[in-house]
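Notes for the structure review
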Amino acid sequence: MANSLIPRHRLEYIDLKLKELISRYDIVKWPVDCIELLIRMKEKGDPPVRLVSTRSLEDDADACTIYIKDEGYIVKFNRNRFRYPFVTSSDRRTNFTAAHEIGHIALEHLVIPARLKSRLESRMEELEADEFAARLLMPDRLIFTCNYHAFAATAAYMKVSRAALRRRLKNMGRTDLVRSCGKRCCFTCGNTGFSAFARFCCICGEAIDGSKRGIRRVVYPAMIPQDRYKRALACPKCGTALEHNKSERCSICGTYVFNYCSGYFEPGGDGCAHANPGNARYCEMCGRKTYYHRESFL
Ligand SMILES: [Zn+2]
Ligand SMILES: [Zn+2]
Ligand SMILES: [Zn+2]
Ligand SMILES: [Zn+2]
């Protein structure tokens, strides 16, 4: 489900033009800063783009773009409303505005002069540019991997205003994401796999601070499958099946079958002998490296 006012074939056109833009300007990292992107478009000059900051814009709009044959595009920003770099939620509106103007350019709305268009056509172009901007700044894969428990922080992370993020979720028919994301996730790496008693993130080793809520949600696969007693199903070193092995070490190569905290092996250590999950690089209880990590099994 998407913006239901835009016909399906136009939504497909938006996706196509978005893909072209992403590959043409080599956008590989999100979030996207559309002021930087406009500067890159200006430098590339194909089509020619000029950026202007002005005090006089019709209807006190945030920005507008015009097209002049043989000259190219002129993107005008309202100096009174333009604040960059973005700090507050309302500053980040400018990022959406810039993405919207990029949308008009990419979708080639401006090649035909406004006076030749009906009100309805112009209205539809505005909706399309908004949809283009939303898909550029908040692509599905970003939307589906964020934690909306931290709604304001998530909007800041995506470099959009809270209102823009809310609208995007509504247009996607996915406001349920905001309600359903109560899951803990690591502020640093986005890991969502925690034991109930974990005090450290087992992927990045950062202390879990209850007051900091993570933004990204990342599922780190169980690299070394274990049974419910946290014994590896097969030896992580030599691959021998361990189902009948009652010892804590592989009978063939001597590797430990548990992903122990490395504190377990420290002479005179504090005796942390916690057995960690199969994907843990760091001990959930004390943050030290795990045995699997130390032995480079992960
Ligand atoms: Zn517009
Ligand atoms: Zn982490
Ligand atoms: Zn072995
Ligand atoms: Zn430990």
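Coordinates for the structure precede this section.
This report concerns the structure included in the present document. On a predicted model such as this, the values are computed, not experimentally measured, just so you know.

Comments concerning the overall build of the chain
Scanning the chain for helices and strands turns up nine helices and five strands. Mapped in sequence order, the helices and strands of the chain form the string α-α-β-β-β-α-α-α-α-α-α-β-β-α. In summary, the chain has a C-alpha radius of gyration of 26 Å against a globular reference of 19 Å for 298 residues, an excess of more than 25%. Looking at the chain as a whole, 44% of its 298 residues qualify as buried. In the chain, once contacts between residues fewer than 6 apart in sequence are set aside, the share between residues at least 24 apart is 55%. A total accessible area of about 16,400 Å² is found for the chain, and carbon and sulfur atoms account for 52% of it.

Observations regarding the sheet that holds strand β1 (residues 49–54)
Read from one edge to the other, the open sheet built from three strands follows the order β1-β3-β2, with strand pairing classed as mixed. On the outer flanks of this sheet lie β1 and β2 (63–68), each paired with one strand and no other. Within this sheet the neighbouring strands show an average axis-to-axis angle of 20°, counted without direction. For β2 and strand β3 (residues 72–78), the ladder comprises six bridges, and the chain directions are antiparallel. Looking across to β3, one finds that I68 is bridged to G72. Those strands touched by helix α2 (residues 34–44) are β1 and β3, and its axis lies near 130° from that of β1.

Comments concerning the packing of aromatic side chains
Across all of its chains, the model carries 17 aromatic pairs by this definition. Aromatic pair F258 and Y260: ring centres 5.5 Å apart, planes at 40°, arrangement tilted. In terms of burial, F258 and Y260 fall into one category: buried. Summarising the aromatic geometry, the rings of Y292 and F297 are spaced 6.0 Å apart at their centres and angled 65° between planes, so their arrangement reads as edge-to-face. Overall, the relative accessible area of 0% leaves Y292 in the buried class. Site record: aromatic cluster; members linked through ring pairs are Y256, F258, Y260, Y264, F265, Y291, Y292 and F297. The ring of W30 carries the charged tip of R141 above its face, separated from the ring centre by 4.6 Å. A cation over a ring is seen here: R167 above F96, with NZ or CZ 5.5 Å from the ring centre.

The rules behind the values
- Residues numbered from 1 in each chain as written.
- Chains lettered and ligands numbered in written order.
- Predicted model: local features only at pLDDT ≥ 70, side-chain atom pairs only at ≥ 80, totals over all residues.
- Heavy atoms only, no water.
- Helix = DSSP H or I, 4+ residues; strand = E, 2+ residues; numbered from the N terminus.
- Rg over C-alpha atoms; globule rule 2.2 N^0.38 Å.
- Buried < 20%, exposed > 50% of the residue type's maximum accessible area, 1.4 Å probe, protein only.
- Contact = heavy atoms within 4.5 Å.
- Areas by Shrake-Rupley, 256 points an atom, 1.4 Å probe, with all protein chains shown as cover.
- Pairing = 2+ DSSP bridges.
- Axes fitted to C-alpha atoms, helices over the stretch in contact; angles between N-to-C directions.
- Phe/Tyr/Trp six-rings, centres within 6.5 Å; stacked < 30°, edge-to-face > 60°.
- Lys NZ or Arg CZ within 6 Å of the ring centre and 35° of its normal.

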